[in-house]
Protein chains: 2
Amino acid sequence: MAEIASTISQRLESGELIAAIAQDFETNEVLMLAWMNLESFSKSVESKQATYWSRSRDSLWRKGESSGNFQEIQAIYYDCDSDAILLKVKQIGVACHTGERSCFHNLVELT
Amino acid sequence: MAEIASTISQRLESGELIAAIAQDFETNEVLMLAWMNLESFSKSVESKQATYWSRSRDSLWRKGESSGNFQEIQAIYYDCDSDAILLKVKQIGVACHTGERSCFHNLVELT
């Protein structure tokens, strides 16, 4: 983890979960938001396959391991206060379990 | 709040904070990630100005209120499990307090 800025590695090493946004590296479409702990972040960096921490299953979750809809990481960014991560990914298939490409497919009606 | 899907309004009404991604509505650049509670979400919908809940200050925070860098909301989406929000915004000035356009300007070196 030597390459990682100390602020974000400190947060992860303290056991914090950090929000991770997956974005299509070509179209910039936002695909989903999930969570990372230290283990999932390290796996993502090493394997270049998006790997999250499932809060509902309380377990490591390589995106696509059951669906085949893997996310191949092209780049990883983190934000100015080191509490959010942005993954630029090549999305295999679709991101959402509903079959939609993006999980953000519900529009709020603005009056 | 009648227009809002019951799942996300239920989460907000229970006092939950929900992650909100701000994305440039034209370029799709991801600008920042912040948090919303029921009050900030309602204000955002009513005013069409991005309004978050500051976890550090424990207070409502209309983006740009001190910097002038407002975010004019063009559309709001929420995700398939209703625990994340995506704002499509017209960003006035820059999003990041550092002067960068996006808060996600730190690149993780992949080996």
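Look a little higher up for the structure.
Nothing here was measured: the structure is a model prediction, and the numbers come from that model.

A. Here's a closer look at the overall build of chain A. Scanning chain A for helices and strands turns up two helices and seven strands. Helices (α) and strands (β) of chain A occur, in sequence order from the N terminus, as α-β-β-α-β-β-β-β-β. Burial analysis of chain A (111 residues in total) assigns 50% to the buried set. Put simply, of all contacts in chain A between residues at least 6 apart along the chain, 41% involve residues at least 24 apart. Working note: accessible area of chain A is about 5100 Å², and carbon and sulfur atoms make up 44% of it.

B. Quick peek at the environment of Gln10(A). All names here are of chain A. Within the fold, Gln10 resides in helix 1 (residues 6-13). Overall, Gln10 belongs to the exposed group, its relative accessible area being 53%. Taking the C-alpha atoms as reference points, Gln10 and Phe41, separated by 31 residues in sequence, lie 13 Å from one another.

C. Representation of the relation of the copies chain B and chain A within the structure. For the pair chain B and chain A, the best superposition has an RMSD of 0.0 Å and corresponds to a rotation of 180 degrees with a translation of 0.0 Å parallel to the axis. Seen this way, the second copy is the image of the first under a two-fold rotation axis. Nearest to the rotation axis, the C-alpha of Asn28(B) is located 2.7 Å from it, this being the minimum over chain B. Both copies share a contact surface, since 100% of the interface residues of chain B are interface residues in chain A too.

D. Spotlight on the sheet that holds strand 2 (residues 30-36) of chain A. If you walk across this open sheet you meet the five strands as 2(A)-1(A)-6(A)-5(A)-7(B), and the pairing is mixed. The strands lining the two open edges of the sheet, one partner per strand, are strand 2 of chain A together with strand 7 (106-108) of chain B. Sheet twist, expressed as the average angle between the axes of neighbouring strands with direction ignored, equals 30 degrees. Relative to strand 6 (residues 84-91) of chain A, strand 1 (residues 18-24) of chain A runs parallel, the two sharing six bridges. Residue pairing in the sheet places Asp24(A) in a bridge with Val89(A) of strand 6 of chain A. Contacts from helix 1 of chain A reach strand 1, strand 2, strand 5 (71-78) and strand 6 of chain A within the one sheet, and its direction differs from that of strand 1 of chain A by about 120 degrees. The strands that helix 2 (residues 38-47) of chain A touches are strand 2, strand 5 and strand 6 of chain A together with strand 7 of chain B; relative to strand 2 of chain A, the one it contacts most, it runs at about 125 degrees.

E. Quick peek at helix 1 of chain A. Residue and element names in this part refer to chain A. Every buried residue of helix 1 is listed here: Ile8, Ser9 and Leu12. Along the axis of helix 1, the buried positions cluster into a sector of 100 degrees, meaning they face one direction only. Next to the buried residues of helix 1 lie strand 1, strand 2, helix 2, strand 5 and strand 6.

F. View of the side chain of Gln91(A). All names here are of chain A. Looking at the secondary structure, you find Gln91 in strand 6. Classification of Gln91 by relative accessible area gives buried; the value is 8%. A polar side-chain atom of Gln91 sits 2.8 Å from a polar atom in the side chain of Gln71. In contact with Gln91, other than residues within four places in its own chain, are Leu31, Asn69, Phe70, Gln71 and Arg101.

Cut-off values and rules
- Residues numbered from 1 in each chain as written.
- Chains lettered and ligands numbered in written order.
- Predicted model: local features only at pLDDT ≥ 70, side-chain atom pairs only at ≥ 80, totals over all residues.
- Heavy atoms only, no water.
- Helix = DSSP H or I, 4+ residues; strand = E, 2+ residues; numbered from the N terminus.
- Buried < 20%, exposed > 50% of the residue type's maximum accessible area, 1.4 Å probe, protein only.
- Contact = heavy atoms within 4.5 Å.
- Areas by Shrake-Rupley, 256 points an atom, 1.4 Å probe, with all protein chains shown as cover.
- Least-squares fit on C-alpha atoms with pLDDT ≥ 70 in both.
- Pairing = 2+ DSSP bridges.
- Axes fitted to C-alpha atoms, helices over the stretch in contact; angles between N-to-C directions.
- Arc of directions from axis to C-beta.
- Polar contact = N/O pair within 3.5 Å; in protein donor to acceptor, adjacent residues only side chain to side chain.

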